[in-house]
Amino acid sequence: MRWQPGMTVHSDTVHRHDEFLRAAHYFADGWPLDSLLVMRNPSLRRDLRQLRRDGYNAIIVVVPWRGFQVSQAPIAYDPFYGNQLRLVLDEARGQGLAVLLRVAYSHQILHGPSVGPIRRTQAMLVEPELRAAWMDYHREVHAIAASYSCCRGTFLSWEELWHAYTHFQSQSLKERQQAATALGYDRFEEGDDAFPPVIPEPGAPGSARYHRFVNHHMVQLFEEVRSHCPLLGVEYRVDRDAVVEGDETRWVENPRFLDWEPARYSYWAPFMYAENIGETLDAPRALASLGTMLDETGVNGAYPGQVLEQFNFIENTREYQGRHAKIDEAAIGDFLAGAAPLLVERCGGYGIWAPRDYRCNVLYNSAFLDGARGWDLDAASRVDDQGVTLNGGATLQQQLEPRIAWIPRMHPFESLRLELRVRPGLLPRGRRLRARLNGGEWATLEREGRGLLGAQVPIDFDGIPADGLRFELENQGTGVTVQRVQLYHLSYAMGLRDHDGRAGPFLPALRRFNAALRKLDAGVRGQRSQR
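**Structural notes on the overall build of the protein**
What the protein contains, in helices and strands, is twelve helices and 27 strands. The C-alpha atoms of the protein give 24 Å as radius of gyration, which agrees with the globular expectation for 531 residues (24 Å, within 12%). Structurally, the protein occupies a C-alpha span of about 75 × 60 × 45 Å along its principal axes. Within the span of the protein, comprising 531 residues, buried residues form 56% of the whole. In the protein, the proportion of contacts linking residues at least 24 apart, taken out of those at least 6 apart, comes to 77%. Per element, the accessible surface of the protein, about 23,100 Å² overall, is 48% carbon and sulfur. Taken as two groups, the 61 positive and 66 negative side-chain charges of the protein have centres that lie 7 Å from each other.

See the structure below:
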């Protein structure tokens, strides 16, 4: 049944998930771009048990397209990624946690030269062979997901495609003409001769037509994937978009995929419906924003099955710092207490983007779970299931691509943070490790805790866009086994748990929130069973 304006739909005709989902995106001790590369036991088992104790009943796992599928012609898959996905599914099943998979994630730390995520997605949209490989990837992941009863579904986000479409608008006239033909835009709304059949530049006349086409084309793609993968859901674009129509610029909505209910996934953050002038919201204002979003996306309660899989009541996106509205930290507890009944009434679950803080690590295979892949080792070093052992004089190196999102072009920083986990727990005397980037100044690592070494490694940005980064780690002392390497500039704090899993300031409120959701949901399901 597809909702149309003026149609009334009774909520009891729409099925929700059996239990209200209280989910956390699980990145292990990594981040979205490398999470499958670092998931391992026993820390995986320990993490999932902690999530259960915090009141979650589900996890969301990111499954990238690039990396998981290593070749498109011929189509081939990396068995390491498949095994890692099965590992987390097996462990989640053992811990009694449901799993949702976010599929076709565009961004990933990769080894070796590669096309950037937006360019790769653009190529998928216009090249039939690449699109067939992308479809095959969905079938491959679906086959794994369908074999686990704990897997409640997969979902594809609008974000994986939207930016590729908008980047077409910034290309040359010739490229925009070619893309229009390859996408089918030049045949869209035939008979409309108001604008030439070429993808318009941003803000140019014809933007409204292109916006309609983008949504039309995305829906077609989603439906095609769904025809092969019955477990598929969609995270749709909740935001409105400014489009040009004649002399008028107006804000228009995007498809809400109501006929996919309950396999709809959405998001909310305090910036929605706010002025976004750096203001701080109290609990009533934030709750009013959340209620408005749920009313609009759920058609005033007619569609209560969507999962608010990014419930970002704490939002720390760097580029919007100081501009986007935020909830007053002192009001977080009151906000969550008021949000619980709203969510149980109007949606089928929620997800926290990150249940603990994370570092934006740029190194590939940084936990050495895939052996020495991605690393250059000399004869004085070796890799086994304990990590990489560097004997005296040994070096460990990795070449990083220039297309790494964290490298700022306009505001370069002076150093990167390097952290090593080593074995055994305490580093005896006589061991000395140092590191450098692009042959620059060496930084000596200092002990910062049991089994933890750290340093600030200077970086010179000259030549990076062309040559990328060369990371070198050298042991000038006696042998040492390195279990984990993290090299990063950015670190995101959510206030729930820190990088090492220690409780943060908002964890007690989050636990009360999850307990309230569980109690409210049990009451709702009890009432349904008595009907």
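**Structural notes on the packing of helix α4 (residues 117-126) against helix α5 (residues 128-146)**
Where α4 contacts α5, the axes come no closer than 6 Å and their chain directions differ by 105°. Classified by the angle between their axes, α4 and α5 sit roughly perpendicular to one another. Counting all contacts with α4, which are made through Arg120, Ala123, Met124 and Val126, the residues of α5 involved are Pro128, Leu130, Arg131 and Trp134. By residue class, the composition of the contact of α4 with α5 is six nonpolar, no polar and two charged.

**Things to note about the pattern of salt bridges**
Considering all chains together, one arrives at 31 salt bridges under this definition. Linking Glu472 and Arg436 is a salt bridge whose minimum nitrogen-to-oxygen distance equals 2.9 Å. You can see Glu472 sitting in strand β25 (residues 469-475) and its partner Arg436 sitting in strand β21 (residues 433-437), a full 36 residues away along the chain. By relative accessible area, Glu472 is classed as buried at 13%. Taken together, the salt bridges that share partners define one network made up of Arg359, Arg417, Glu419 and Glu448.

**Let's talk about unusual backbone geometry**
Going from Asn41 to Pro42, the amide bond is cis rather than trans, its omega being 10°. Going from Ala73 to Pro74, the amide bond is cis rather than trans, its omega being 5°. We note that Ala104 has phi near 60°; this positive angle belongs to a residue other than glycine. When you line up the elements, Ala104 lands in strand β5 (residues 98-105). Taking the relative accessible area as the measure of exposure, Ala104 reaches 3% and is therefore buried. Here the phi dihedral of Asn276 falls at roughly 60°; this positive angle occurs in a residue that is not glycine. The topology assignment puts Asn276 in the loop between β10 (264-268) and β11 (280-281).

**Comments concerning the packing of aromatic side chains**
This structure, assessed with the given rule, holds 25 aromatic pairs. Look at Trp158 and Tyr267: their rings are 6.1 Å apart centre to centre, the planes differ by 35°, and that puts the pair in the tilted class. With Trp158 in the loop between β6 (151-157) and α6 (159-168) and Tyr267 in strand β10, this residue pair connects regions lying 109 residues apart in the sequence. Judged by relative accessible area, Tyr267 falls into the buried class, the value being 9%.

**A word on α4**
Those residues of α4 lying buried are Pro117, Thr121, Gln122, Ala123, Met124 and Leu125. Next to the buried residues of α4 lie α5, α6, α7 (173-183) and α8 (207-228).

**Points about the state of the cysteines**
In the structure shown here, the tally under the stated rule is zero disulfides. There is no disulfide at Cys347, and the cysteine sulfur nearest it, in Cys151, is 20 Å away. Residue classification places Cys347 among the buried residues on the basis of a relative accessible area of 0%.

**Notes on the side chain of Arg176**
For Arg176, the location among the structural elements is in helix α7. Buried charged residue Arg176 carries no salt bridge. Nearest counter-charge: Glu201, at 4.0 Å. The contacts of Arg176, once residues within four sequence positions are left out, are Phe168, Gln169, Gln171, Val198, Ile199, Pro200 and Glu201.

**Structural notes on the sheet that holds strand β22 (residues 443-444)**
Pairing is antiparallel in the open sheet, where five strands are placed in the order β16-β19-β25-β21-β22. Two strands in the sheet have a free side with no partner beyond their single neighbour: β16 (376-377) and β22. In this sheet, β22 lies alongside β21 in antiparallel orientation, the contact comprising two bridges. Pairing of Ala435 across the sheet is with Ala443, part of β22.

The rules behind the values
Residues numbered from 1 in each chain as written. Predicted model: local features only at pLDDT ≥ 70, side-chain atom pairs only at ≥ 80, totals over all residues. Heavy atoms only, no water. Helix = DSSP H or I, 4+ residues; strand = E, 2+ residues; numbered from the N terminus. Rg over C-alpha atoms; globule rule 2.2 N^0.38 Å. Buried < 20%, exposed > 50% of the residue type's maximum accessible area, 1.4 Å probe, protein only. Contact = heavy atoms within 4.5 Å. Areas by Shrake-Rupley, 256 points an atom, 1.4 Å probe, with all protein chains shown as cover. Lys, Arg positive; Asp, Glu negative; His and termini not counted. Charge placed at Lys NZ, Arg CZ, Asp CG, Glu CD. Axes fitted to C-alpha atoms, helices over the stretch in contact; angles between N-to-C directions. Parallel < 35°, antiparallel > 145°, perpendicular 65-115°, else oblique. Nonpolar A, V, L, I, M, F, W, Y, C, P; charged D, E, K, R; others polar. Salt bridge = Lys/Arg side-chain N within 4 Å of Asp/Glu carboxyl O. Phe/Tyr/Trp six-rings, centres within 6.5 Å; stacked < 30°, edge-to-face > 60°. Disulfide = S-S within 2.5 Å. Pairing = 2+ DSSP bridges.

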